[in-house]
Amino acid sequence: MTIAEIARKAGVSIGTVDRVLHNRGHVAEQTRQKIQSVIDESNYKPNHFAQQLKKGDSFKIGILIPYLDSGAGYWKLVHSGFLEGIQSIYPFNMELEFRYFDRSIPGDLYEKGLDLLQVSDIKAMILAPLVFDDVVKLLSVIAVPYVFIDSPMPIGFPQSVIIQNPYRGGQTAARIMKLIRSTGTFAVMRMYKSAYNLQERARGFQDYFKSDSQIKVIDAVCPYQNAESVFSFLEELFSLHPDISGIFVTQTETFIVSQFLSYTGRKTEVTLIGYDLQAENRLGLEDGSIDCIISQRPEIQGITSIRELHRVLALGQEWRGKIQIPIDILLPENFSEYNLMWS
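Now for a quick tour of the structure. What you are looking at is a predicted structure, and each value in this text was computed from that prediction instead of being measured. All residue numbers refer to position in the chain's written sequence, counted from 1. This being a predicted model, a pLDDT of at least 70 is required before a residue's local features are given, and a value of 80 or more before pairs of side-chain atoms are given or counted; all residues contribute to the totals for chains, interfaces and linings. Side-chain measures were taken over the full set of non-hydrogen atoms in the model, leaving aside hydrogen atoms and water.

### Thoughts on the pairing of strand β2 (residues 94-101)
- Partly exposed residues are those whose accessible area sits between 20% and 50% of the maximum for their type, while under 20% is buried and over 50% is exposed, using a 1.4 Å probe and protein chains only. Helix numbering and strand numbering both begin at the N terminus, where a helix is a DSSP run of H or I of at least 4 residues and a strand a DSSP run of E of at least 2. Buried residues dominate β2, accounting for 6 of its 8 residues.
- At least two bridges found by DSSP between two strands is the condition for calling them paired. One ladder, built from 8 bridges, connects strand β1 (residues 59-66) with β2; its direction is parallel. Note that in β2 the partner of L64 across the bridge is R99.

The following block contains the structure:
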């Protein structure tokens with residue numbers, strides 16, 4: 001419970017509650033007893049950390065995410081959310097300390113996380129847990145509260161998880177694919193084999209069709225991110241499975257697949273569903289080379305993580321545990337309005 005909530009319950013001003021808590025200034029005895037009763041009933045404990053901040057001290061939040069030029073612009077959107085989150089809590093003084101990792105290099109997340117933990121006065125961390133083995137090692141040495149964004153992880157004890165449910169996202173993609181293509185061979189494509197959230201999206205997609213004898217699902221793990229290598233991977237995939245009529249891309253690089261389908265004259269025969277409304281994927285929806293995009297609101301994830309830390313560390317409120325990001329379904333007919341709301 002916060003001071004503001006105590007004041008509301010007691011029917012007094014915040015200033016009056018503050019005087020009772022700190023035993024200063026004159027407060028009528030009847031009013032004091034009413035406030036004390038609310039305090040006792042709520043088991044209120046003052047947030048000493050927040051009291052220090054009121055004296056003008058700033059505090060640092062460590063943020064560990066992939067390099068901003070990775071993920072085809074996705075992490076730039078998350079980063080812009082962090083900065084907007086800082087603006088939204090002004091004049092509260094929060095300082096962000098960033099470290100960036102290359103998720104394709106084993107050990108890089110762990111090393112960058114250790115470096116971040118060496119920074120003095122880090123009070124909490126925001127972490128994108130995208131490399132399983134590295135995250136396991138890092139969590140064993142983190143001694144401050146931490147929050148997961150972008151992906152859940154079946155390990156650790158984060159104070160809050162700000163994510164979209166990846167399994168349900170995969171099932172949503174499967175349902176849309178079924179509505180467009182009632183039968184056929186579908187490929188579910190991911191580019192980071194060990195990424196837990198991508199595995200869960202693929203699992204959700206595959207599970208949806210388990211009992212459907214008219215649908216065949218191929219698990220296509222592509223070890224590349226650049227367009228030339230992805231094109232070569234897709235050429236081989238279609239040579240092995242020429243009857244593919246639908247592709248679900250579990251991450252942002254959907255536009256690379258759309259370019260391949262367009263260049264090879266396959267787009268009219270293949271339905272394409274993917275993730276994240278960044279610049280190239282917007283163009284794909286606009287020109288019809290992408291049929292559907294699922295958005296997980298990367299900017300909102302950034303904003304929400306900053307506000308969650310402010311709410312807990314500065315205002316003394318409880319951690320909310322899991323904060324679910326909605327599964328937004330974007331089609332050529334509706335994405336422009338969404339663009340105005342969330343860009």
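So, next bit.
### Some thoughts on the sheet that holds strand β7 (residues 215-221)
- Strand order in the open sheet formed by 6 strands is β7-β6-β8-β9-β10-β12, and the pairing between neighbours is mixed. The open sheet terminates on both sides in strands that have one partner only, identified here as β7 and β12 (328-330). Neighbour-to-neighbour, the strand axes of this sheet turn through a mean angle of 20°, independent of strand direction.
- Note on contacts: a residue pair is in contact if any heavy atoms of the two residues lie within 4.5 Å. Convention adopted: a line fitted to C-alpha atoms gives each axis, helices being fitted over their contacting stretch, and angles between N-to-C directions are expressed from 0 to 180 degrees. Contacts from helix α8 (residues 166-180) reach β6 (184-190), β7, β8 (244-249), β9 (271-275), β10 (292-295) and β12, with the element oriented near 160° to β9.

### Some remarks on the pattern of salt bridges
- Here, a salt bridge means any Lys or Arg side-chain nitrogen found within 4 Å of an Asp or Glu carboxyl oxygen. Following the criterion strictly, the structure yields 12 salt bridges and no others.
- We note a salt bridge from D212 to K178, for which the minimum N-O separation is 2.8 Å. On the criterion of sequence distance, the pair formed by D212 in the loop between α9 (196-208) and β7 and K178 in helix α8 is long-range, its members being 34 residues apart.

Nothing here speaks to function; it is geometry throughout.
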